[in-house]
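Fold and geometry: a report
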Amino acid sequence: QVHVVESGGGLVQAGGSLRLSCAASGRTFSLLRMGWFRQAAGKERDFVAAISRTGVTTYYADSVKGRFTISRDNAKNMVYLQMNTLKPEDTAAYYCAADFRGYGLGLKGSEYDYWGQGTQVTVSS
């Protein structure tokens, strides 16, 4: 079992920045591939970013590419999502997800077994 907890959400003006943090425990963190997803009100959950077990490889949704950065610190069992130049359309609940079975990067929600409770990000115009 893996316990995932996000933090760092909040209210920010358009053009601002936020950094989301995600702590994962229960298994050796370096064996977990990690991802961030988001779900806006009334919409389906969307992929945001993914990072490999070593942190060397990352992948982003086109909508956030160049603005968001995913990173991890395996010594601290943490993964981060640095969000810059935020836009109102980035408003959503952001979820961190963990998986230890798959290979490479997980780009779909179905590839992840463990999820956090979510943290709300609201970007005002």
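As the structure is a computational prediction, the values presented were derived from the model and not from experiment. (Residues numbered from 1 in each chain as written. Predicted model: local features only at pLDDT ≥ 70, side-chain atom pairs only at ≥ 80, totals over all residues. Heavy atoms only, no water.)

1. Side note on the packing of aromatic side chains
Here the structure, examined in full by the defined rule, presents six aromatic pairs. Their ring planes at 20 degrees and their centres at 6.3 Å tell us that Phe 100 and Tyr 114 sit as a pair that is stacked. Taken together, the residues span a long stretch of sequence, with Phe 100 in the loop between strand 9 (92-99) and strand 10 (114-115) and Tyr 114 in strand 10 at a distance of 14 residues. Here Tyr 114 falls in the buried class, since its relative accessible area comes to 14%. Each residue in the set Phe 37, Phe 47, Tyr 59, Tyr 112 and Trp 115 is aromatic and connected to the rest through ring pairs, giving one cluster. Note that Arg 33 overlies the ring of Tyr 112, its terminal NZ or CZ placed 5.9 Å from the centroid. (Phe/Tyr/Trp six-rings, centres within 6.5 Å; stacked < 30°, edge-to-face > 60°. Helix = DSSP H or I, 4+ residues; strand = E, 2+ residues; numbered from the N terminus. Buried < 20%, exposed > 50% of the residue type's maximum accessible area, 1.4 Å probe, protein only. Lys NZ or Arg CZ within 6 Å of the ring centre and 35° of its normal.)

2. Considering unusual backbone geometry
Even without glycine at this site, Asn 77 takes up a positive phi of about 60 degrees. Looking at the element boundaries, Asn 77 is found in the loop between strand 7 (68-73) and strand 8 (78-83). Using a relative accessible area of 30% as the deciding quantity, one classes Asn 77 as partly exposed. Of note, the phi angle at Thr 85 is positive, near 45 degrees, even though the residue is not glycine. In this fold, Thr 85 is placed in the loop between strand 8 and strand 9. With relative accessibility at 45%, the residue Thr 85 sits in the partly exposed group.

3. Describing the side chain of Arg 53
Note on placement: Arg 53 falls in the loop between strand 5 (45-51) and strand 6 (58-60). Here Arg 53 is buried and forms no salt bridge, its nearest opposite-charge partner Asp 99 lying at an N-O distance of 4.6 Å. In this structure the side chain of Arg 53 is engaged in a polar contact, spanning 2.6 Å, whose partner is the backbone oxygen of Leu 31. Among the polar contacts made by the side chain of Arg 53, one reaches the main-chain carbonyl oxygen of Gly 102 at a distance of 2.7 Å. (Lys, Arg positive; Asp, Glu negative; His and termini not counted. Salt bridge = Lys/Arg side-chain N within 4 Å of Asp/Glu carboxyl O. Polar contact = N/O pair within 3.5 Å; in protein donor to acceptor, adjacent residues only side chain to side chain.)

4. Observations concerning the pattern of salt bridges
If you walk through the whole model with that rule in mind, you get six salt bridges. The closest approach of N and O atoms between Arg 33 and Glu 111, which form a salt bridge, is 3.0 Å. Note that Arg 33 is positioned in strand 4 (residues 33-39) and Glu 111 in the loop between strand 9 and strand 10, a separation of 78 residues in sequence. Judged by its relative accessible area of 3%, Arg 33 falls in the buried class. Salt bridges sharing common partners tie together Arg 33, Asp 99 and Glu 111.

5. Let's talk about the state of the cysteines
Scanning the model with the defined rule gives one disulfide in all. Cys 22 shares a disulfide with Cys 96; S-S distance 2.1 Å. Where Cys 22 bonds to Cys 96 through sulfur, the torsion about that S-S bond is close to -80 degrees, and the disulfide is left-handed. With Cys 22 in strand 3 (residues 18-25) and Cys 96 in strand 9, the pair connects residues that are 74 residues apart, well separated along the chain. Note on accessibility: Cys 22 and Cys 96 belong to one class, buried. (Disulfide = S-S within 2.5 Å.)

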